[in-house]
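# Structural overview for review
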Amino acid sequence: MSTIVETHDDHGHHGPAKGLTRWLYTTNHKDIGTLYLWFSFLMLFIGGAMAMVIRAELFEPGLQIVQPEFFNQMTTNHGLIMVFGVIMPAFVGLANWMIPMQIGAPDMALPRLNNLSFWLLPMAFGILISTLFMPAGGPNFGWTFYAPLSTTYAPDTVTFFIFSVHVMGASSILGSINIITTILNMRAPGMTLMKMPLFVWSWLITAYLLIAVMPVLAGTVTMMLMDIHFGTSFFDAAGGGDPVLFQHIFWFFGHPEVYIMILPAFGIVSHIIETFSRKPIFGYSSMVYALTSIAVLSFVVWAHHMFTVGMPLAGELFFMYSTMLIAIPTGVKVFNWVATMFRGSISFETPMLFAIAFVSLFTIGGFSGLMLAIVPADFQYHDTYFVVAHFHYVLVPGSLFGIIAGVYYWLPKWTGNMYDETLGKLHFWLSFFSVNLTFFPMHFVGLAGMPRRYPDYALQFADFNAIVSVGAFIFGFTQLLLLFIVIKSIRTGKKASDEVWEDTKDWGLEWTLDSPPPYHSFTVQPEVK
Amino acid sequence: MKSISRVTRKFIYALLFLAPTSVFSEASDYNMPVGVTEVSKEIFDLHMLIMWICVWIGVVVFGIMFYSLFKYRKSTGAKASKIDDHFWLEITWTVAATLILVGMAIPSTTVMIKAYDDREGDINIMVTGYQWKWQYKYLEDDISFFSNLSTSQEQIDNDIPKGEFYLSEVDEPLVIPINKRIRFLITGNDVIHSWWVPDFAVKQDAVPGFINTAWTNVPKPGIYRGACTELCGIKHAFMPVVVRAVEQEEYDAWVVEKIALAEAERLLNEKVWTKAELVERGEGVYLKNCVACHQTNGQGLPPVFPALVGSEIVMRDKTRNIEILMEGVRGAAMQSFANQLSEVDMASVITYTRQSWSNGKNGDGEIIIPQEIVDYKNKVDL
Ligand SMILES: [Cu+2]
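Residues numbered from 1 in each chain as written. Chains lettered and ligands numbered in written order. Predicted model: local features only at pLDDT ≥ 70, side-chain atom pairs only at ≥ 80, totals over all residues. Heavy atoms only, no water.

## Comments concerning the pairing of strand β8 (residues 212-216) of chain B
Looking along a regular strand, one sees the side chains alternate between the two faces of the sheet. Residues and elements named next belong to chain B. Extensive coverage of β8 is indicated by the burial of four of its five residues. Where strand β5 (residues 182-188) meets β8, five bridges bridge the pair, whose relative direction is antiparallel. Bridging across to β8, Phe184 finds its partner in Ala214. (Buried < 20%, exposed > 50% of the residue type's maximum accessible area, 1.4 Å probe, protein only. Helix = DSSP H or I, 4+ residues; strand = E, 2+ residues; numbered from the N terminus. Pairing = 2+ DSSP bridges.)

Rendered as C-alpha cells:
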C-alpha cells in the first residue's frame, strides 16, 4: 500500500502527464470527469443522428429512407445509447468533477477503479455500435429488449449486445462503489450528512440505486444468454418458460433506472436555482427526504410499465396506487423549487434559463406520468406516442436540460473562462422552442392512436409527424451550438473569478477553489461550520 | 403533403386543447377517441378529468413560478429574503397533494373494476398474434381465419397514391354482432404482440404461452380500426386490427356462410389437382403468407431470411420441405404453417415454390397434392 501512496504523491507534484497517456492512464477525478463528459457528448451526437434517421423516415407516411429492419435498429440503438451512453455517463462525469470539490476532498476515493470504470464504457459502446455493421444487423428489439423477440427471434448479434450490457453494468457498479466510498469517507470535517450539497445527496442515493439494480439487469441478460446458447427456457413458453417474467425482471431494474437518470439532475437544478435566486434552497431537509422516498418507492412501481400484460386486478390496482404515491415527493420537490424562487432576487443567466425550463417541462412530463399511472386510461395510452412524449419530456427537457444547465453552471469553474453568454442564451431559446415543437405534438399523435416503434403510419397522423420531425431537426442541429460554445470557452473567454457567479461562496465549497481549480482539488481539507 | 394552413390550424387547436379555457372538450382527432362502448366512454371521461386536474395544478404552480420570476427580478432591485424553510407549509402541500391523488384514485378504481371483468362472454373469440397477422377463432362456431394487412406494397413504397385506410385495412376483418358480450381470449404464437381497438378501449398483450382476456359490448354497427402495439419485429406496423360490428341477423348469416365455405374447402382435398391448378392457387397463398420474409422473387433477405430459389430442400427434398412448413424451424422466424393453411393451400404453396423461378427447371419438379398433407398430419398424430 505504501508504495502506491508514494507514487501518487510524487505524481501530484508533476501535474498531469502529457499527451495521450494522460487520458489513458489518468487517475485524476477531473480528467476522468472530462473523459466521461466528452464521451457522453460524442454519444449524444451518435444517438442524435439515429433520432434524425427515425424522424426523417417518419416525416411522411410510406417507406422512403430506410426499411423497417433498419428502422428498428435505429429506435433500439437510439434508446440504448441515449440512456446508457449519454445521460448516465454525463451524470457520472459531473459527479467525478464536482463531488470531490463539493465535499472538500482532493480526489475520488478509488482513483484506479475510476479509470477502469471509464475505460470500460468505450469498449461497451464500441461493441454495441459495431453490431450495426455486421451482416445480421444490430439489436432491433427495442431498448427494452422484450423476450422472446430478443432471444429466439433475435439477430445473431444479440450476443454482442448482451456482452456490451454486461460491460456497461460493470462500469456503472464500479463507478457507484467509488462514489459511495468517496461521499461516506472523504467529506471535510464538519460536513455532516445533512449539510451535504444536494447534488452530493442525489448522487449518494443514485449510486445505491445503481448498485441495487445493475446486477438485476446483468441477471436478465445472462438468462437471455442461457436461453439463446445453452438450451434453457427462462423466457421461452414452448420450453415451459415465461416471457412475462422477462418484463418483471427487466422493469425491476428499469424503473429505478428511470430515477437514476433524473435524481442527479434534481441536485444540479437545486444548486442553480439557489444561486440565481440568491436565496438558499427552500426546505433542504424535505428535499432530502423527498429524494430518499422517491428512491425507495422506485422499487415497488415496476409493473406500471406492464398494465396490459395481463395482471390480476389486485396487481393492477396496487401498482396504480404505488405509482401515484411517487407524485407526492416529486410534487414536494417542485413546490420547493418554486418556493426558493419566491421572494428571491432572480437573474436569468443561461444555467438558470435551463433550470427554469427543467422545472416547468419536467413537471409536464410528471403530469403525463400521472395520467399514465391511471390503469384504465393507460389501456389507451400504453405503447403509443403518448408514452414517447412522456418519457422524452422527462429525459430531454428533464435530464438532458439538467445536465446542460450543470455544464453551463460549472464550465467557467472548470475552464477558468466564462462561456459566451449571448450564444448560451441563443442555444437555450432554440433548444427550448424546438424541444417543445418536437415532443409536445407527440402527445396528440399518441392520443389519436399512433403506436410507438412504427416505421410507417396511417394518414391521419401525417400532419403532426411532419411537425415533430421539423422540431427534431432543429433541436438536433442546435446542439452543435453547444459544442461550439464549450470549445470556445475552453480556448478563450473572459476570465472567471473564483466565485464565478455572485456570492457563491455561501453555496458550496467548489466556489472557494481557483478557477480553474488545482489538479488535486483540496490538498488541505477545509472546515465546514 | 397537406396544405400548410391545415397543419397550422390543427396545431393551434392542439395548443388550445391544453389551455385552461378549452373551446372543446369532446371528441376530436387529436384527443383520445371517445369510443363506442360504455367502458371506452368512461375511460375517456376519466382521461379528461385527470388531464384537467393536471392542467389546473399546472396553472397554479407555474402561475406562482412565473409570478415570482417576474416580480423578484434582480434587475428591478429585488432583495432576496433569507427564509429557507417553513414546516407547516411543507406539511400543507404534502397533504394537499395526497388529497388530490386520493381524489384521482377513487374514480380510477371504479372504472378499472368495471373494465376488468373476465366472466364468460356470449361469444368467445380466440385472438392469436402471429408475425405479422392476427388469427381469429370463434370458439362456439368452429370458425377460424387469418386477418392480413391488405394495403399493397406499392402504396407503402410510394409507387402509387395511398388509399384512405392506408395501413388500417385487412383482407378479412373480425366480425362480431352488436349488443352481445364478446370475450376475447388473447395469446401470441411467436413473439409478444398486443391487440388494440381504441374505440372499445381494449388493449391486451398477446403473450405466447398465456391466455389473456378482454371483453367488449359494442352498441353500434360499424367498422372499428386498431393496431398491434407491442414491437413484434419487422412488420410490427403492418398488422392492423379491423373489427366489423353488425346486426345480429347479419352476423348469423355470416356464420352460416363461413361454415359452408370451410366445408367446401375440406371437400377440395378430395379433388384431383393438376400441376397448373396447384401452382396458380399456390401463388396466391405465397403472396399472402410468405413474401414478408422470402420476398416475391423468392430471393429472401439473406442472411436472416433464406432464398427459396436454388434451395436444395425446395428443389429436391420433398419430405423435409413438407416438414419445415408443417413444423416450422425451432429457434428461427420460420414458423409452423400447419394451423394457418388448409391442406389444399399447404400443398399448393409448396408446389408453387418447387415449380417457380428457376426451381421447376433445376429441381426434381415434383408436385404435392393435398392428400400428402393429410397423410402427414395423420402420421404425426399417431
Ligand atoms: Cu405484432
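Next, the rest of the story.
## Considerations on the side chain of B:Lys203
When you line up the elements, B:Lys203 lands in strand β7 (residues 202-206). For the buried B:Lys203, which has no salt bridge, the nearest side chain bearing the opposite charge is A:Asp378, at an N-O separation of 6.9 Å. There is a polar contact of 2.9 Å between the side chain of B:Lys203 and the backbone oxygen of A:Phe379. In this structure the side chain of B:Lys203 is engaged in a polar contact, spanning 2.5 Å, whose partner is the backbone oxygen of A:His382. Those residues within four positions of B:Lys203 in sequence are excluded, and the remaining contacts are A:Thr308, A:Asp378, A:Phe379, A:Gln380, A:Tyr381, A:His382, A:Thr384, B:Ser194, B:Trp195, B:Trp196 and B:Thr229. (Lys, Arg positive; Asp, Glu negative; His and termini not counted. Salt bridge = Lys/Arg side-chain N within 4 Å of Asp/Glu carboxyl O. Polar contact = N/O pair within 3.5 Å; in protein donor to acceptor, adjacent residues only side chain to side chain. Contact = heavy atoms within 4.5 Å.)

## Let's talk about the coordination of the copper ion
Residues and elements named next belong to chain B. Around the copper ion, the protein supplies His193 (ND1), Cys228 (SG), Cys232 (SG) and Met239 (SD) as donor atoms, at distances of 2.1 to 2.6 Å. Given four donor atoms and angles of 91 to 130° at the metal, the environment of the copper ion is assigned as tetrahedral. If you list the donors of the copper ion from N- to C-terminus, the spacing comes out as H-x34-C-x3-C-x6-M. With His193 in strand β6 (residues 193-197) and Cys232 in the loop between β9 (222-228) and β10 (241-246), this pair connects stretches of sequence that are 39 residues apart. (Donors = N, O, S within 2.8 Å, 3.2 Å for Na, K, Ca; no water. Tetrahedral: all angles 85-135°; square planar, octahedral: opposite > 155°, others 65-115°.)

## What about the pattern of salt bridges?
Taken as a whole and assessed by the stated rule, the structure comprises 23 salt bridges over all chains. With a shortest N-O distance of 3.5 Å, A:Asp383 and A:Arg452 are connected by a salt bridge. Here A:Arg452 lies in the loop between α15 (421-447) and α16 (462-491) and A:Asp383 lies in the loop between α13 (375-381) and α14 (385-415), a separation of 69 residues in the sequence. For the pair shown, A:Asp383 and A:Arg452 are each scored as buried. The salt bridge involving B:Asp117 is made with B:Arg181; its shortest N-O contact spans 3.4 Å. Separated by 64 residues along the polypeptide, B:Asp117 in the loop between α3 (87-115) and β1 (123-130) and B:Arg181 in the loop between β4 (174-177) and β5 bring together distant segments of the chain. Both residues of the pair, B:Asp117 and B:Arg181, belong to the buried class. Shared partners join several salt bridges into a network, and the residues in it are A:Arg278, A:Glu502 and B:Lys74.

## Considerations on the packing of aromatic side chains
All told, the structure shown has 65 aromatic pairs over all chains when counted by the stated rule. Between the aromatic rings of A:Phe145 and A:Phe250, the centroid separation amounts to 5.1 Å while the plane-to-plane angle is 80°, which identifies the pairing as edge-to-face. Placement of A:Phe145 in the loop between α5 (111-130) and α6 (158-185) and of A:Phe250 in helix α8 (residues 243-260) is noted, with a sequence separation of 105 residues between them. Of the two residues, A:Phe145 and A:Phe250, both sit in the buried class. Between A:Tyr409 and A:Trp511, the aromatic rings sit 5.2 Å apart at their centres with planes inclined by 70°, giving edge-to-face as the arrangement. Here A:Tyr409, found in helix α14, pairs with A:Trp511, found in the segment after α16; they are 102 residues apart in sequence, far enough to count as distant. Comparing A:Tyr409 with A:Trp511, the two get one shared label, buried. Above the face of the B:Tyr166 ring, B:Lys162 is positioned so that its terminal group lies 4.9 Å from the ring centre. (Phe/Tyr/Trp six-rings, centres within 6.5 Å; stacked < 30°, edge-to-face > 60°. Lys NZ or Arg CZ within 6 Å of the ring centre and 35° of its normal.)

## Notes on empty space enclosed by the protein
Residue and element names in this part refer to chain A. If you walk through the whole model with that rule in mind, you get two cavities of 30 Å³ or more. What the largest cavity holds in volume is close to 160 Å³. Taken together, 18 residues line the largest cavity, and the ones lying closest to its centre are Met88, Pro89, Val92, Ser172 and Leu210. Elements represented by at least two residues in the lining of the largest cavity include exactly α4 (68-103), α6 and α7 (198-229). At six residues, α6 tops the list of elements feeding residues into the lining of the largest cavity. Looking at side-chain class alone, the lining of the largest cavity contains 13 nonpolar, five polar and no charged residues. Taken as a whole, the second largest cavity spans an internal volume of roughly 40 Å³. (1 Å grid on protein atoms, 1.4 Å probe; cavity = no way out; pocket = protein on both sides within 12 Å on 5 of 7 lines; lining within 4 Å. Points joined across faces, edges and corners; volume = space filled by probe spheres on them. Nonpolar A, V, L, I, M, F, W, Y, C, P; charged D, E, K, R; others polar.)

## Points about the domain arrangement of chain B
All names here are of chain B. Domain assignment breaks chain B into domain 1 (6-76 + 84-115), domain 2 (123-265) and domain 3 (271-380). With 13 residues of domain 2 in contact, the opposing surface of domain 3 contributes 14 residues. Taken together, the two surfaces of domain 2 and domain 3 that pack against each other cover about 920 Å², and 48% of this comes from carbon and sulfur. The largest share of the area that domain 2 buries against domain 3 comes from Lys133, Phe146 and Glu265, three residues that together contribute 40% of it. At the surface where domain 2 touches domain 3, the tally comes to two salt bridges. The salt bridge partner of Asp171 is Lys288, with a shortest N-O separation of 3.4 Å. Where domain 2 touches domain 3, the interface holds six residue pairs in polar contact (both at pLDDT 80 or more). Across the side of domain 2 that touches domain 3, the residue classes break down as four nonpolar, four polar and five charged. (Domains from an automatic or database assignment. Buried area = accessible area lost by both parts, 1.4 Å probe.)

## Observations concerning the nonpolar core
Among the nonpolar cores identified, the biggest contains 278 residues, and A:Phe84, B:Tyr138 and B:Trp195 are the most heavily contacted of them. Sort the elements by how many residues they give to this core and α4(A) lands first, with 20 residues. Composition of this core by domain shows at least three residues from each of domain 1 (6-76 + 84-115) and domain 2 (123-265) of chain B. In this structure, A:Phe84 is in contact with A:Pro89, A:Phe125, A:Trp143, A:Met168, A:Met214, A:Leu217, A:Phe253 and A:Glu257, ignoring residues within four places of it in sequence. Ranked by size, the runner-up nonpolar core spans 20 residues in total, among them B:Cys290, B:Ala338, B:Ala347 and B:Tyr376. (Core = buried A, V, L, I, M, F, W, Y, C linked by side-chain atoms within 4.5 Å.)

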